[in-house]
Amino acid sequence: MGERTVDVNVETKETLAAVRTFIQAQAEFGLSEFRLARTDAAARLTDFHGSIRDCRMCGLCESRRAVVFGSGNPEADLMFVGEAPGAEEDRTGMPFVGPAGELLTRMIEAIGFQRDEVYIANVIKCRPPGNRDPKPEEVSTCKPFLERQIEYIQPVAICALGLFAARTLLETDEPMSSLRGRLFSYRGIHLIPTYHPAALLRNRQWKRPAWEDLQHLRRVYDNAAG
Ligand code: URA
């Protein structure tokens, strides 16, 4: 029997799994070669990045050097979300590359992942001058960008780094003391809040609870990923 190739574009990981099972069952009947392509999250993210690279939708564009879009695996099952770029991130265009970023890399590795296996982004894509707190209008302008990234990536779990990311995603005013240690759902995606790595660098006593949160995240991920 001649070789046939079928390209199938699918929207979600679940559909991809179903298609894979179906095709594997067909293989013995002569569908000898197949390529599976999830609708390309990488291409969608790249296009999206291009479309906001010169964003001027809020005042932060006046002082920023780079829109810090996000980095990592576009098809990651695990996503880490911080607050906003700092000086080093603004200079390089990459999230979490300063001292807090080095700690975040170690936190990711401590639960058995490599940094490039996960996806890292911030709620706010441009550095607030002097690292001041983002203003409500900056949050409402920028949050849809993060929402779209999450929609494209479809992670199994999100770790919200710090009170700002947790409150923004969960739309709550609760303090970190009541948020951490719990499992939330963000649009059907597991969400675990923990301390921001920059806060951990200043408050050593939070390292133990943060480690517990990371272990919790790993368990949730393992259960969800099967
Ligand atoms: N802090 C954040 O929240 N994000 C970064 O990218 C860097 C520091």
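Look above for the structure.
Because the structure is predicted, anything quoted here is derived from the model rather than measured.

Colleague: Account for the overall build of the protein, with residues named and values stated.
Modeller: Across its full length, the protein carries nine helices and eight strands. Looking at the protein as a whole, 48% of its 226 residues are labelled buried. At a minimum sequence separation of 6, the contacts of the protein that also span at least 24 residues come to 71%. Accessible surface, the protein: about 11600 Å² in total, of which carbon and sulfur atoms supply 49%.

Colleague: Describe in detail the nonpolar core, supporting the description with residues and values.
Modeller: Of all hydrophobic cores here, the largest spans 58 residues; its most connected members are Met79, Phe80, Ile158 and Leu217. When residues in this core are grouped by element, the largest group, seven residues, is from helix H5 (residues 136-153). Residues within four places of isoleucine 158 in sequence aside, it is in contact with Met79, Val81, Ile150, Leu169, Tyr186, Ile189, His190, Leu191, Ile192 and Leu217.

Colleague: Could you give an account of the sheet that holds strand S5 (residues 119-122), naming the residues involved and the relevant values?
Modeller: What the six strands build is an open sheet, ordered S3-S5-S4-S6-S8-S7; its pairing is mixed. Each of the sheet's edge strands pairs with one partner strand only, and the pair in question is strand S3 (71-72) and strand S7 (184-186).

Colleague: I'd like a rundown of the environment of leucine 214, residues and numbers included.
Modeller: On the secondary structure map, leucine 214 appears in helix H9 (residues 207-225). Considered as a pair, leucine 214 and isoleucine 192 are 22 residues apart in the sequence and their alpha carbons are 8.5 Å apart. Setting aside anything within four residues of it in sequence, one finds leucine 214 in contact with Met107 and Ile111.

Criteria and cut-off values
- Residues numbered from 1 in each chain as written.
- Predicted model: local features only at pLDDT ≥ 70, side-chain atom pairs only at ≥ 80, totals over all residues.
- Heavy atoms only, no water.
- Helix = DSSP H or I, 4+ residues; strand = E, 2+ residues; numbered from the N terminus.
- Buried < 20%, exposed > 50% of the residue type's maximum accessible area, 1.4 Å probe, protein only.
- Contact = heavy atoms within 4.5 Å.
- Areas by Shrake-Rupley, 256 points an atom, 1.4 Å probe, with all protein chains shown as cover.
- Core = buried A, V, L, I, M, F, W, Y, C linked by side-chain atoms within 4.5 Å.
- Pairing = 2+ DSSP bridges.

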